[in-house]
Amino acid sequence: MDRYGMHIDGRPEAGQAGREYETVDPFTGQAWAAVPDGDGADVDRAVAAARAALRGPWGATTPTARADVLRRLADLVERDADALAALETRDNGKLLAETLAQCRGLPHWLRYFAGLAETARGAVIPTAKANVLVYTREEPVGVVGAIVPWNSPLLLLVFKLAPALAAGCTLVVKPSEQTPVTTVELARLATEAGLPDGVFNVVTGAGPEPGTALAAHPDVAMIAFTGSTEIGRLVAHAAAERFARSTLELGGKSAQIVFADADLEAARDGLLAGIFAATGQTCVAGSRLLVHRDVHDELLALLVARADTIRLGDPTAADTEMGPLSSPAQQTRVRGHVERAVEDGARLVAGGHDGGLGGCFWAPTILDGVTPDMRLARDEVFGPVLAVDVFDTDAEAIEKANATPFGLAAGVWTTDIGRAHRTAAALDAGTVWVNTYRMMAPEV
Ligand code: NAD
């Protein structure tokens, strides 16, 4: 069993209460790492360290010095990316090919925000008042609490960490109970990169207590949360209670619209990658397919033929195309969603079982005839389950796509450029991809 500490004030630390818990490798089902089971007292210690660092030398650093640390951290992450990816795959069961791509990409994000640290500037504001100089200054918000889910622990953390450090903030990070290890490792690398003690702290824990304590902490000026809509609501309430800022990146039920004029083979590849990459466990998973009636049968046949041949297996093996779900509980949830869809009248055309592998596996699953009234059209599965429905007109496609309380992402497949832009503008989604899916870059 490997053993990890929390990371408080630049040092590995046990929890105040001395408890530990074990994290489980979803592929083997074996516990492999022991980490401290922290609580509110540990959050207090970490926030105190973050506050002291903000008032200490970190608070007085120049933007250039902060950019230098971010670039040194980028170099160290580049050096250790493959080892970090291997740890992440052990923690969440994602394909090593995916965690490698994410970890090797992290330096790009860190360097991008290093550049922003050096180029952010305030403004001088002209005024009618004589002998008055009015100007704005960029200042750090303060101590930032970052709460992160298990599906892309390092990438989603770096989305918060890099801008916060660039701005001169300090952080207390609460990783998911399922995937604490790489976060602790990143904090250790940050210390090696020369980040002063107390700037980047990590509190681990088996239950919700550290997250609850962090969201409610009076000395935390901003909460950056990524996770489920349900927990995001609790976090937003806790932050609003004391007028702290919050950013919330929540769940999704993203629609991919395929028009009759689309390149169907390209759409097939984008749709499969959109829903089956990471075993469907991405917030932006393209989990609803809305396809024009004229090409429904042809596209569905293409999708089913490929879905049935996706190779499930060991996430570290080079020829595996889809790994396990992240936990037995996750598999139970996915199974329940599929059973309810069939009860509601949807037609199972691919998957719907554990692929014969047992453990946490779930085969790529496609359900056809999923009308807007069905639960599968509305509820986030967070697994490899595609819900298919048809449309006849552009207006109907847009109406169906927008008929969801989520607003995260959407995809449009068409060779008509006017239709692409009209549809993208009409979709109520934060990100709309056209003839591609799940592309990300720090510049956007
Ligand atoms: P989750 O909401 O269960 O947990 C997220 C984090 O919140 C974890 O660290 C957890 O320990 C912590 N937490 C749990 N209870 C808490 C509480 N009461 N107060 C404060 N923190 C608490 O989500 P998850 O199961 O880890 O992740 C899956 C969800 O995350 C999905 O809904 C997915 O769509 C969403 N997600 C969103 C994005 C995005 O960028 N929009 C990215 C990835 C995942």
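Residues numbered from 1 in each chain as written. Predicted model: local features only at pLDDT ≥ 70, side-chain atom pairs only at ≥ 80, totals over all residues. Heavy atoms only, no water.

Visitor: Please explain the pattern of salt bridges as it appears in this structure.
Guide: For side chains bearing opposite charge, pairing can occur when the charged atoms are close. Summed over the entire model, instances satisfying the criterion amount to 28 salt bridges. A salt bridge links Asp392 to Arg293, with the shortest nitrogen-to-oxygen separation between them at 2.8 Å. You can see Asp392 sitting in the loop between β15 (385-391) and α12 (394-402) and its partner Arg293 sitting in the loop between β12 (288-292) and α9 (296-307), a full 99 residues away along the chain. Residue Arg293 is classed as partly exposed on the basis of its relative accessible area, which comes to 46%. Taken together, the shared-partner salt bridges in this structure form one network comprising Asp9, Arg11, Glu13, Asp42 and Arg45. (Salt bridge = Lys/Arg side-chain N within 4 Å of Asp/Glu carboxyl O. Helix = DSSP H or I, 4+ residues; strand = E, 2+ residues; numbered from the N terminus. Buried < 20%, exposed > 50% of the residue type's maximum accessible area, 1.4 Å probe, protein only.)

Visitor: Just to check I follow, could you spell out the side chain of Arg288 for this structure?
Guide: Looking at the element boundaries, Arg288 is found in strand β12. The buried charged residue Arg288 lacks any salt bridge, with Asp389 as its nearest oppositely charged partner at 7.4 Å. Not counting residues within four places of it along the chain, the set of residues in contact with Arg288 comprises Lys253, Ser254, Ala255, Gln256, Ala377, Leu386, Ala387, Lys400, Ala401 and Thr404. (Lys, Arg positive; Asp, Glu negative; His and termini not counted. Contact = heavy atoms within 4.5 Å.)

Visitor: Any chance you could explain helix α13 (residues 417-426) here in plain terms?
Guide: Working note: α-helix, 3.6 residues per turn, so residues spaced by three or four point in the same direction. Buried within α13 are the following residues: Arg419, Ala420 and Thr423. Down the axis, α13 shows its buried residues gathered within 105° of arc, on one side only. In this structure, α13 carries Ile417, His421, Arg422 and Ala425 as exposed residues pointing more than 90 degrees from its buried face. Those residues of α13 that are buried are in contact with β11 (255-258), α12, β16 (409-413) and β17 (431-434). Two to three positions downstream of the cap, the backbone nitrogen of Gly418 sits 3.0 Å from a side-chain oxygen, assigning the N-cap of α13 to Asp416. (Arc of directions from axis to C-beta. Polar contact = N/O pair within 3.5 Å; in protein donor to acceptor, adjacent residues only side chain to side chain.)

Visitor: Help me out: how do you make sense of the site of the ligand in this one?
Guide: Taken together, the neighbourhood of the ligand is formed by 27 residues, with Lys174, Glu177, Ser228, Leu250 and Glu380 sitting nearest. Within the contact set of the ligand, an oxygen atom lies 3.4 Å away from a backbone nitrogen or oxygen of Gly227. Leu250 places a polar main-chain atom, nitrogen or oxygen, 2.7 Å from a nitrogen atom of the ligand. When the free accessible area of the ligand is taken as 850 Å², the share hidden by the protein chains comes to 88%. With respect to the detected pockets, the ligand is housed in the second largest pocket. (Near = heavy atom within 4 Å. Areas by Shrake-Rupley, 256 points an atom, 1.4 Å probe, with all protein chains shown as cover. 1 Å grid on protein atoms, 1.4 Å probe; cavity = no way out; pocket = protein on both sides within 12 Å on 5 of 7 lines; lining within 4 Å. Sits in = over half its atoms within 2 Å of the grid points.)

Visitor: Please explain the environment of Asp428 as it appears in this structure.
Guide: Looking at the secondary structure, you find Asp428 in the loop between α13 and β17. For Asp428, a relative accessible area of 54% gives the class exposed. In this structure the C-alpha to C-alpha distance between Asp428 and Thr404, which are 24 residues apart in sequence, comes to 9.3 Å. Not counting chain neighbours up to four residues away, the residues in contact with Asp428 comprise Asn402, Phe406 and Gly407.

Visitor: Would you take a moment to explain the sheet that holds strand β13 (residues 347-350) for this structure?
Guide: Paired through their backbone hydrogen bonds, the strands of a sheet run either parallel or antiparallel. The seven strands lie next to each other as β13-β14-β15-β12-β11-β16-β17, forming an open sheet whose pairing is mixed. Looking at the sheet topology across the chains shown, the edges are occupied by β13 and β17. Across the sheet, the mean angle separating the axes of adjacent strands is 25° when strand polarity is ignored. Relative to β15, β12 runs parallel, the two sharing five bridges. Bridged to Leu289 within β15 is Val388. Running at roughly 170° to β11, helix α8 (residues 264-276) makes contact with β11, β12, β14 (365-368), β15 and β16 of the sheet. (Pairing = 2+ DSSP bridges. Axes fitted to C-alpha atoms, helices over the stretch in contact; angles between N-to-C directions.)

Visitor: I keep staring at the packing of aromatic side chains and nothing clicks. Help me out?
Guide: Geometrically, a pair of aromatic rings is defined through the distance of the ring centres and the angle of the planes. What the rule picks out here adds up to seven aromatic pairs. Residues Tyr112 and Phe113 carry aromatic rings whose centres are separated by 5.3 Å and whose planes lie at 90° to one another, so their mutual orientation is edge-to-face. When its relative accessible area of 27% is taken as the criterion, Tyr112 is described as partly exposed. Its relative accessible area of 14% is what places Phe113 among the buried residues. Summarising the aromatic geometry, the rings of Trp150 and Phe382 are spaced 5.4 Å apart at their centres and angled 80° between planes, so their arrangement reads as edge-to-face. A residue pair is termed long-range when its members are at least 10 positions apart, and Trp150 in the loop between β6 (143-147) and α4 (153-167) and Phe382 in the loop between α11 (375-378) and β15 qualify at 232 residues. (Phe/Tyr/Trp six-rings, centres within 6.5 Å; stacked < 30°, edge-to-face > 60°.)

Visitor: Could you clarify how one ought to interpret unusual backbone geometry in this entry?
Guide: Here the phi dihedral of Asp9 falls at roughly 55°; this positive angle occurs in a residue that is not glycine. With respect to the helices, strands and loops of the structure, Asp9 is situated in the loop between β2 (6-8) and β3 (11-13). Despite not being glycine, Phe243 shows a phi value in the positive range, around 60°. Structurally, the position occupied by Phe243 is in the loop between α7 (229-241) and β10 (245-249).

Visitor: Just to check I follow, could you spell out the environment of Leu100 for this structure?
Guide: You can see Leu100 is positioned in helix α3 (residues 96-119). Note on Leu100: relative accessible area 17%, which makes it buried. Sequence separation of Leu100 and Ala85 is 15 residues, and the distance between their C-alpha atoms is 5.1 Å. Residues within four places of Leu100 in sequence aside, it is in contact with Asp82 and Ala85.

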